[in-house]
There are 2 protein chains.
Amino acid sequence: MTKISLVGTGNLATHLYRSFVKEDAIEIVQVIGRKAAPFFKLDKFAQIGTTEIKKADVYIVAVSDSAIPAVSKLLAHSEGLVAHTSGSMALSALKNNVRSGVFYPLQTFSKAQIVDFNTIPICIEATTENDLGLLKQLASLISTHVVELNYEQRRSLHLAAVFVNNFTNHLFYIGQQICKEHNVPVELLAPLIRETTEKIEKLPPFEAQTGPARRNDLSVIENHLEQLKNKSYKEMYSLLTKSIQRTYAKKL
Amino acid sequence: MTKISLVGTGNLATHLYRSFVKEDAIEIVQVIGRKAAPFFKLDKFAQIGTTEIKKADVYIVAVSDSAIPAVSKLLAHSEGLVAHTSGSMALSALKNNVRSGVFYPLQTFSKAQIVDFNTIPICIEATTENDLGLLKQLASLISTHVVELNYEQRRSLHLAAVFVNNFTNHLFYIGQQICKEHNVPVELLAPLIRETTEKIEKLPPFEAQTGPARRNDLSVIENHLEQLKNKSYKEMYSLLTKSIQRTYAKKL
């Protein structure tokens, strides 16, 4: 039985709690946060500064990057392994802890959307083989995809995730905005969006690329730029088109 | 029984052929192209200029935008309805034809990837109610999602499609490139990409947005920009981040 404390009460902490609580091999001994969060069971919740921090084997620190140093100090006297969940912070951000590690699940977490950790890659890092084993064991309970990454790899993965998730989602938003402005039902885009993702599970994105930029169809590109009134969307169109053109000019 | 001729032998023509040929209510009388395409049955294939153009109820013109005017001339004496399949060309591109229309399936077509037209929106336009009815009937045989759009709507939809498909796919490519450069297995991105799309079937993209730009986390943004050595990727990161920041500064 691994004793776990969760530090944080945001989206990730909530999703981790939901997932850990189902596992027999895990006992959640405490959830530590700055303010009471209605989701968490009160008998396990401790507000920072008001109650003692209970002993745990692993403290999972699911707080914003900027709060990690403060949490590291708070847990300075814990003998357990302290692991943050950030894709962009080094292990050394936990400089006050004797045993430090990283437990980074690569996914986009919204409050409203239930996630299944089972398919979510969890990237781990630790300073000793023992602690690495402990994190691996823990991560394997909730995910089938556990991988050891060093800091350089993890931050690259996080950066790549911004491109494939955050920016992609924003492009979906822009696509819908363009439809709305011209009285086109946004649902028309749904099958295309679905196909875009399904396709790259079978074809590398380099081969899956289609469209005017890929074909270097200058007259369509010119018409599109003329249609776009929003300056920022126009710039984006131009930049992405040039990048696609460059990608295929180089490699063909 | 609707008699159809297909003009063109590219990706779209191939996919349409595969779909039409399965329908009892459709007879494909001819496939017309500039050069013999191995896919098409030879007894139905006619090379432009070498054989007569057979009579058909509908000529589906699945050629590149720039070839549409020439095909329009080629079919100038046909009594059938001539419909192009372009998202970006006006109906008037078929100016030599008495009966003209548009039959635009919104999807990304690659040779290697079989598509199911059933879920693909087909956008139609025609100059008479009769011809509109004919296109609607034809489209409904292969798709459950037939919609009448005017030129302004159709070209906006096409532009939106470039954002949600072409540009999104390019972001997937960039994400994978970043991983490859840093020795991170690209498969790690797959569940995140899947979730990105699945999420927006339940949440509008405005609500689904997460990440440093959405949180306005300047220190992560700065680190990411520092990590990016490729000038074009850096510009893209910057522009998309600013656009997300602006979107949420405005609306919150």
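Residues numbered from 1 in each chain as written. Chains lettered and ligands numbered in written order. Predicted model: local features only at pLDDT ≥ 70, side-chain atom pairs only at ≥ 80, totals over all residues. Heavy atoms only, no water.

**Student:** Any details on the overall build of chain A? Residues and values, ideally.
**Tutor:** Helix and strand counts for chain A stand at nine helices and eight strands. By its C-alpha atoms, chain A is 65 × 40 × 30 Å across when sized along the principal axes. Residues counted as buried form 58% of the 252 residues belonging to chain A. When contacts within chain A are restricted to residue pairs at least 6 apart in sequence, long-range pairs at least 24 apart make up 54% of them. When the accessible surface of chain A is summed, it comes to about 11,100 Å², and 51% of that surface belongs to carbon and sulfur atoms. Of the charged side chains in chain A, 29 are positive and 24 negative; the average position of the first set lies 5 Å away from that of the second. (Helix = DSSP H or I, 4+ residues; strand = E, 2+ residues; numbered from the N terminus. Buried < 20%, exposed > 50% of the residue type's maximum accessible area, 1.4 Å probe, protein only. Contact = heavy atoms within 4.5 Å. Areas by Shrake-Rupley, 256 points an atom, 1.4 Å probe, with all protein chains shown as cover. Lys, Arg positive; Asp, Glu negative; His and termini not counted. Charge placed at Lys NZ, Arg CZ, Asp CG, Glu CD.)

**Student:** Give me the interface of chain B and chain A: which residues, what numbers.
**Tutor:** Quoted interface sizes are often the accessible area lost when the parts come together. The interface of chain B with chain A comprises 84 residues on the first partner and 84 residues on the second. Roughly 8,500 Å² is buried in total at the junction of chain B and chain A, and carbon and sulfur atoms are behind 66% of that figure. Among the ionic pairs, Arg194 of chain A bridges to Glu201 of chain B, the shortest N-O distance being 2.7 Å. Summed over the shared surface of chain B and chain A, the number is 27 residue pairs in polar contact (both at pLDDT 80 or more). The set of elements that each furnish at least two residues to the side of chain B that touches chain A consists of α4 (151–181), α5 (190–199), α6 (205–208), α8 (218–227) and α9 (231–251) of chain B. For the side of chain B that touches chain A, the element with the highest residue contribution is α4 of chain B, accounting for 27 residues. Of the residues belonging to the side of chain B that touches chain A, the class tally is 41 nonpolar, 32 polar and 11 charged. (Buried area = accessible area lost by both parts, 1.4 Å probe. Salt bridge = Lys/Arg side-chain N within 4 Å of Asp/Glu carboxyl O. Polar contact = N/O pair within 3.5 Å; in protein donor to acceptor, adjacent residues only side chain to side chain. Nonpolar A, V, L, I, M, F, W, Y, C, P; charged D, E, K, R; others polar.)

**Student:** Pulling in residues and values, what's your account of the sheet that holds strand β1 (residues 2–7) of chain A?
**Tutor:** All names here are of chain A. Taken in spatial order, the eight strands make up an open sheet running β3-β2-β1-β4-β5-β6-β7-β8, and their pairing is mixed. At either margin of the open sheet sits one strand with a lone partner, and together these are β3 (45–47) and β8 (146–148). Shown here is a sheet whose adjacent strand axes are inclined to one another by a mean of 25°, direction ignored. Of the pairings in the sheet, the one linking strand β5 (residues 81–84) to strand β6 (residues 100–105) comprises three bridges and is parallel in character. Counted as the bridge partner of His84 is Val102 from β6. Sitting on the sheet, helix α3 (residues 129–142) touches β1, β2 (26–33), β4 (58–61), β5, β6, β7 (122–126) and β8, and the angle it makes with β7 is about 165°. (Pairing = 2+ DSSP bridges. Axes fitted to C-alpha atoms, helices over the stretch in contact; angles between N-to-C directions.)

**Student:** Please give an account of the relation of the copies chain B and chain A that cites residues and values.
**Tutor:** With an RMSD of 0.0 Å, chain B superimposes on chain A once it is rotated by 180° and translated 0.0 Å along the axis. Here the symmetry operator amounts to a two-fold rotation axis. Relative to the rotation axis, the C-alpha of Thr168 of chain B is the closest in chain B, positioned 2.7 Å from it. A high fraction, 100%, of the interface residues of chain B reappear at the interface in chain A, so the copies pair face to face through one surface. (Least-squares fit on C-alpha atoms with pLDDT ≥ 70 in both.)

**Student:** Go over the pattern of salt bridges, please, and point to the residues and values.
**Tutor:** Residue and element names in this part refer to chain B. A complete count under the given rule lists 11 salt bridges over all chains for this structure. Between Arg154 and Glu125 there is a salt bridge, and its shortest N-O distance comes to 2.7 Å. One end of the pair, Arg154, is in helix α4; the other, Glu125, is in strand β7 (residues 122–126), and 29 residues separate them in sequence. Exposure remark for Arg154: the relative accessible area of 0% places this residue in the buried category.

**Student:** Could you give me a rundown of the sheet that holds strand β3 (residues 45–47) of chain B, with the residues and numbers involved?
**Tutor:** Residue and element names in this part refer to chain B. Across the sheet, which stays open at both edges, the eight strands sit in the order β3-β2-β1-β4-β5-β6-β7-β8 with mixed pairing between neighbours. Edge positions in the open sheet fall to β3 and β8 (146–148), since each of these has one partner strand only. Averaged over all pairs of adjacent strands, the angle between strand axes in this sheet comes to 25°, irrespective of strand direction. This element, helix α3 (residues 129–142), spans β1 (2–7), β2 (26–33), β4 (58–61), β5 (81–84), β6 (100–105), β7 and β8 of the sheet and lies at about 165° to β7. On the sheet, α4 packs against β5, β6, β7 and β8 and is oriented at approximately 25° with respect to β6.

**Student:** Describe in detail helix α8 (residues 218–227) of chain A, supporting the description with residues and values.
**Tutor:** All names here are of chain A. Residues Val220, Ile221, His224 and Gln227 constitute the buried set of α8. The arc that holds every buried residue of α8, seen down its axis, measures 120°, which confines them to one face. In α8, those exposed residues whose orientation departs by more than 90 degrees from the buried face are Leu218, Glu222 and Glu226. (Arc of directions from axis to C-beta.)

**Student:** Please provide a residue-by-residue account of unusual backbone geometry, values included.
**Tutor:** A positive phi angle, near 65°, is found at Asn183 of chain A, a position not held by glycine. As for its position among the elements, Asn183 of chain A is in the loop between α4 (151–181) and α5 (190–199).

**Student:** Report on the nonpolar core, specifying residues and quantitative values.
**Tutor:** Among the nonpolar cores identified, the biggest contains 80 residues, and Leu157, Phe163 and Leu171 of chain A together with Leu157, Phe163 and Leu171 of chain B are the most heavily contacted of them. Those elements giving two or more residues to this core turn out to be β6, α4, α5 and α9 (231–251) of chain A together with β6, α4, α5 and α9 of chain B. Formed by 30 residues, the second largest nonpolar core is a distinct cluster that contains Leu6, Leu81, Val115 and Ala126 of chain B. (Core = buried A, V, L, I, M, F, W, Y, C linked by side-chain atoms within 4.5 Å.)

**Student:** How would you summarise the packing of aromatic side chains if you had to cite specific residues and measurements?
**Tutor:** In this structure the tally under the stated criterion is 12 aromatic pairs over all chains. A centroid spacing of 5.9 Å and a plane angle of 40° characterise the contact between Phe206 of chain A and Tyr173 of chain B, whose relative ring orientation is tilted. You can see Phe206 of chain A sitting in helix α6 (residues 205–208) and its partner Tyr173 of chain B sitting in helix α4, one on each of two chains. When its relative accessible area of 25% is taken as the criterion, Phe206 of chain A is described as partly exposed. Residue classification places Tyr173 of chain B among the buried residues on the basis of a relative accessible area of 6%. Taking the centre distance of 5.2 Å and the plane angle of 80° together, the rings of Phe163 of chain B and Phe167 of chain B count as edge-to-face. Remark: Phe167 of chain B and Phe163 of chain B occur in helix α4; sequence separation between them is four residues, near one turn of the helix. Among the aromatic residues, ring-to-ring pairing joins Phe163 and Phe167 of chain A together with Tyr237 of chain B into one connected group. (Phe/Tyr/Trp six-rings, centres within 6.5 Å; stacked < 30°, edge-to-face > 60°.)

**Student:** Which residues make up the side chain of Asn166 of chain A, and what are the values?
**Tutor:** Looking at the element boundaries, Asn166 of chain A is found in helix α4. The exposure class of Asn166 of chain A is buried, given its relative accessible area of 7%. Here the side chain of Asn166 of chain A touches Thr210 of chain B through a polar contact of 3.2 Å, landing on its backbone oxygen.

**Student:** I'd like a rundown of the state of the cysteines, residues and numbers included.
**Tutor:** Scanning all chains against the criterion turns up zero disulfides over all chains. Residue Cys123 of chain A stays outside any disulfide, its sulfur separated by 9.7 Å from that of Cys179 of chain B, the closest cysteine. (Disulfide = S-S within 2.5 Å.)

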